Every structure is written in structure tokens, then in C-alpha cells.
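Next come the chains, spelled out residue by residue.
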Amino acid sequence: MTTRYAALLRGINVSGHKKVPMAQLRALLTELGHSDVTTYLQSGNAAFTSTSGADENALAAELEAAIEKHFGFGVDCLVRSGPYLRAVADGCPFPAAELEARQLHVTYFSGPVAPDRFAGIDQAAFLPEEFRLGDRALYLYAPEGLGRSKLAETLSRPALLKGVTATTRNWNTVVTLVELTRD
């Protein structure tokens, strides 16, 4: 079976740390047996076709091991199928078409997160910023952008995310990943 996936690498090419050139990432994914490999931006987004039959977690673990071997440092990776990415975009609880892309973000999680994980956050204290949970995802509306968001800062606290890998993409990237993973 042939499936299109996106690989979301966390924390690469930021301030000169954990440099992963996109050409080398494409070559690495190809060496792993994947085809039709493309990358988007320098922040660690790749789309590829796989016929391996492996699940998303196995594909992510394989890519993490290859990156560690090739580059000499660890990088957390999430791999998500095209249909999943489409469902996340379609399930957005905010009016995405009416917002600027810098105002809307999706944080993808390595696994399901229960609402009680975020129960201690007083959402009213952060208005007009808001968040909603989805399937292994969190939608964040930050009208002033992510860089100025106090809610984003609170949501990214290590204690809150303990035991889960999380990586965030702005709405433009969310939409582009859906397009790149269409069958």
C-alpha cells in the first residue's frame, strides 16, 4: 500500500542549532526507501511516499535513528498521514479562512492528550487568546502571533508536556502539509 506522509521535525535549524539541511533530509528519507520526497521551509517539514506498511510511530522512530546516525544529534520527529493532516485542518474550531495565518497554529502531539492535562489553565485569563484540543493536536488562536502569545508560553511548559513530544506549525504550514500529502 502506498501512503503519503509528512515528517515534522522538532527544534531544528533554530539559531544555528541542530542544523539539518533540507537537501540532506530529502536524501536521508530517500535512503530509507521513501519516494517523492519534498521539503517545505527550513524548519523541518518533509512529505514523502512510503510503501513500507509501517505505522506512523515506526516511521518516526526510523527517521529519528537515521538523523542521529547521520548528524550526530537527536531530533524528535512526528510522522502523520495525509488523511490525518486533512482531518486536523478540517476540524479546526476557529474560523481559519477569516484569520491571518500568523494568528492560528496547530501543535501536533506524539499521542493522545487528555483534557485534564490542561485543566489548570485559566483560559479566561488569556482572552482573546484561546486553545482547543483535537485528535493528537491543539489548536491555538493567538491574535498577536505566536511570538507575543502568553498562552503559547504557558502551553509549552515542560511540566505540562511531560511524556509527549509536541511541535507547532502555523496555519500556512498546516495547509501546505495537507497539500503536500495528498494522494
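To be clear, the structure that these remarks concern was listed above.
The rules we used
- Residues numbered from 1 in each chain as written.
- Predicted model: local features only at pLDDT ≥ 70, side-chain atom pairs only at ≥ 80, totals over all residues.
- Heavy atoms only, no water.
- Helix = DSSP H or I, 4+ residues; strand = E, 2+ residues; numbered from the N terminus.
- Rg over C-alpha atoms; globule rule 2.2 N^0.38 Å.
- Buried < 20%, exposed > 50% of the residue type's maximum accessible area, 1.4 Å probe, protein only.

Q: Before we go on, may I ask you to explain the overall build of the chain in this structure?
A: The helix and strand tally for the chain stands at five helices and eight strands. Beginning at the N terminus, the succession of helices and strands in the chain can be written as β-α-β-β-α-β-α-β-β-β-α-β-α. For the chain, whose C-alpha radius of gyration is 16 Å, the value lies close to the compact-globule estimate of 16 Å for 183 residues. Each of the three principal axes of the chain carries a C-alpha extent, and together these read 50 × 35 × 25 Å.

Q: Sorry if this is basic, but what is going on with unusual backbone geometry here?
A: Excluding glycine, residues mostly have negative phi values, and the peptide bonds linking residues are mostly trans. For the bond running from Leu-127 to Pro-128, omega is 15°, close enough to zero to count as cis. Phi angles above zero are rare outside glycine, and Asp-36 is one such case at about 50°. Locating Asp-36 in the fold gives a position in strand β2 (residues 35–40). Owing to a relative accessible area of 54%, Asp-36 belongs among the exposed residues under this scheme. In the Ramachandran plot, Arg-136 falls in the positive-phi region, its phi being about 55° despite a non-glycine side chain. When you line up the elements, Arg-136 lands in the loop between β6 (130–134) and β7 (137–141). Owing to a relative accessible area of 17%, Arg-136 belongs among the buried residues under this scheme.

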